[in-house]
Amino acid sequence: MKITWLGHAAFLIDDLIIDPFINGNPSSPVKANEIKCKYVCVTHDHSDHLGDAVEIAKKNNATFISIFELASDVSEKGVKTVGMNIGGPANVGEWEIRLVPATHSSTKGSPIGFVLKKDGKTIYHAGDTGLFMDMMLIGEYKLDLALVPIGGYYVMDTEQALESVKLLKPHSVIPMHYNTWPVIKADPQKFKKLVEEQTGTTAIILKPGEHFNL
Ligand code: NI
Ligand code: MN
């Protein structure tokens, strides 16, 4: 499985893109019209996550997957949607997709994270979230990879993200949602050092446009 970070909370994982905030993202290495995918997953309706999702879904005839209320709104724009809720799973193509809680805010439906399974691999995208104890339950999915925010202010900071890794116990973790703007400034090397000193998890730091093979 090929996981490419597109900056902020946007990841392209094989044929699935999550939180495609591309054209307005100062750290994005690509433009929205260059993205090729079959599935578009969005954690919540804030503009730095919903981003270019509708344009990308329409251009690719892709399926948009989110919490029910947001999917209902997007379906009115002529996009194929799967509107689900916390629990799941939904089976779309080769993917098994679950929504899990996130402690954050949103306008249309609850903010969520995704647990995505394909080819025997399990990936957790935390969305925007603070630290919460139920991450321990999300860890029961035996995560091969967790994608967690570390930028603080709106989401977990580096120390809280370290605590999240202790609860999630993933094999590997990639930090996200930092250094897009000054307000979410964070040092990913400090996060990596803390994680690898205090947990059994490997921290992988990507630059926008770089990928990791899982
Ligand atoms: Ni948000
Ligand atoms: Mn955000």
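Up top is the structure.
These remarks concern the structure in this document. (Residues numbered from 1 in each chain as written. Chains lettered and ligands numbered in written order. Predicted model: local features only at pLDDT ≥ 70, side-chain atom pairs only at ≥ 80, totals over all residues. Heavy atoms only, no water.)

1. With respect to the overall build of the chain
Tallying secondary structure elements over the chain gives six helices and 14 strands in all. For 214 residues, the compact-globule estimate of 2.2 N^0.38 gives 17 Å, and the C-alpha radius of gyration of the chain, at 16 Å, lies within 12% of that figure. Projected onto its principal axes, the C-alpha positions of the chain cover 50 × 35 × 30 Å. Split into buried and exposed, the 214 residues of the chain put 55% on the buried side. The contacts of the chain with a sequence gap of at least 6 include a subset with a gap of at least 24, amounting to 56%. As displayed, the chain has an accessible area near 8900 Å², and 50% of this comes from carbon and sulfur atoms. (Helix = DSSP H or I, 4+ residues; strand = E, 2+ residues; numbered from the N terminus. Rg over C-alpha atoms; globule rule 2.2 N^0.38 Å. Buried < 20%, exposed > 50% of the residue type's maximum accessible area, 1.4 Å probe, protein only. Contact = heavy atoms within 4.5 Å. Areas by Shrake-Rupley, 256 points an atom, 1.4 Å probe, with all protein chains shown as cover.)

2. A few points about the pairing of strand S1 (residues 2-5)
Bridging between S1 and strand S14 (residues 211-213) involves three bridges; their strand directions are antiparallel. The residue of S14 that forms the bridge with Lys2 is Asn213. Note: S1 against strand S2 (residues 11-13), three bridges, orientation antiparallel. Looking at the pairing, Trp5 lines up with Phe11 of S2. (Pairing = 2+ DSSP bridges.)

3. What about the side chain of Thr129?
Here Thr129 lies in the loop between strand S10 (121-125) and helix H4 (135-138). Residue class for Thr129 comes out buried when judged on its relative accessible area of 0%. Here Thr103 takes part through its backbone nitrogen, which lies 2.9 Å from a polar atom of the side chain of Thr129. The contact partners of Thr129, leaving out residues within four places of it in the chain, are Ala102, Thr103, Met135, Pro149, Val155 and Met156. (Polar contact = N/O pair within 3.5 Å; in protein donor to acceptor, adjacent residues only side chain to side chain.)

4. Some words on the sheet that holds strand S13 (residues 202-203)
Pairing is mixed in the open sheet, where seven strands are placed in the order S7-S8-S9-S10-S11-S12-S13. Single-partner strands in this sheet number two, and they are strand S7 (90-92) and S13. On top of the sheet, helix H5 (residues 158-168) reaches S10, strand S11 (145-149) and strand S12 (172-176); it is set at about 155° to S11, its chief contact. (Axes fitted to C-alpha atoms, helices over the stretch in contact; angles between N-to-C directions.)

5. Brief notes about the pattern of salt bridges
Tallied over the full model, the rule gives nine salt bridges. When the shortest N-O distance is used, the salt bridge between Glu196 and Lys192 registers 3.2 Å. Of this pair, Glu196 and Lys192 both sit in helix H6 (residues 188-198), four residues apart, which is roughly one turn of the helix. Judged by relative accessible area, which is 25%, Lys192 ranks as partly exposed. Close ionic contact of Lys193 with Glu197 constitutes a salt bridge, the shortest N to O distance being 3.1 Å. Separated by four residues within a single helix, Lys193 and Glu197 lie in helix H6, roughly one turn from each other. Take Lys193 and Glu197: they sit in the same class, and that class is exposed. Salt bridges linked by common partners bring Asp14, Lys118 and Asp119 together as one network. (Salt bridge = Lys/Arg side-chain N within 4 Å of Asp/Glu carboxyl O.)

6. Looking at the coordination of the manganese ion (ligand 2)
Within the protein, the atoms that donate to the manganese ion (ligand 2) are Asp48 (OD), His49 (NE2), Asp128 (OD) and His177 (NE2), at distances of 2.2 to 2.3 Å. Between the donor residues of the manganese ion (ligand 2), the gaps in sequence give the motif D-H-x78-D-x48-H. Here the manganese ion (ligand 2) and the nickel ion (ligand 1) are spaced 3.4 Å apart, and both take Asp128 as a donor. Of the two residues, Asp48 sits in helix H1 (residues 47-50) while Asp128 sits in the loop between S10 and H4, which places them 80 residues apart along the sequence. (Donors = N, O, S within 2.8 Å, 3.2 Å for Na, K, Ca; no water.)

7. Looking at the nonpolar core
Core analysis: the largest hydrophobic core is formed by 73 residues, its most contacted members being Val40, Ile97, Tyr124 and Val148. The dominant element in this core, judged by the number of residues it contributes, is H5, at five residues. If near-sequence neighbours (up to four positions away) are discounted, Val148 is found in contact with Ala126, Met156, Ala161, Ser164, Leu168, Val173, Ile174, Pro175, Met176 and Phe191. (Core = buried A, V, L, I, M, F, W, Y, C linked by side-chain atoms within 4.5 Å.)

8. Regarding the coordination of the nickel ion (ligand 1)
Angles between donor atoms at a metal ideally measure 109.5 degrees for a four-coordinate tetrahedral arrangement and either 90 or 180 degrees for a six-coordinate octahedral one. The protein atoms that coordinate the nickel ion (ligand 1) are His44 (NE2), His46 (ND1), His104 (NE2) and Asp128 (OD), at distances of 2.2 Å. Taken in sequence order, the residues that donate to the nickel ion (ligand 1) follow the motif H-x1-H-x57-H-x23-D. Note on His46: relative accessible area 24%, which makes it partly exposed.

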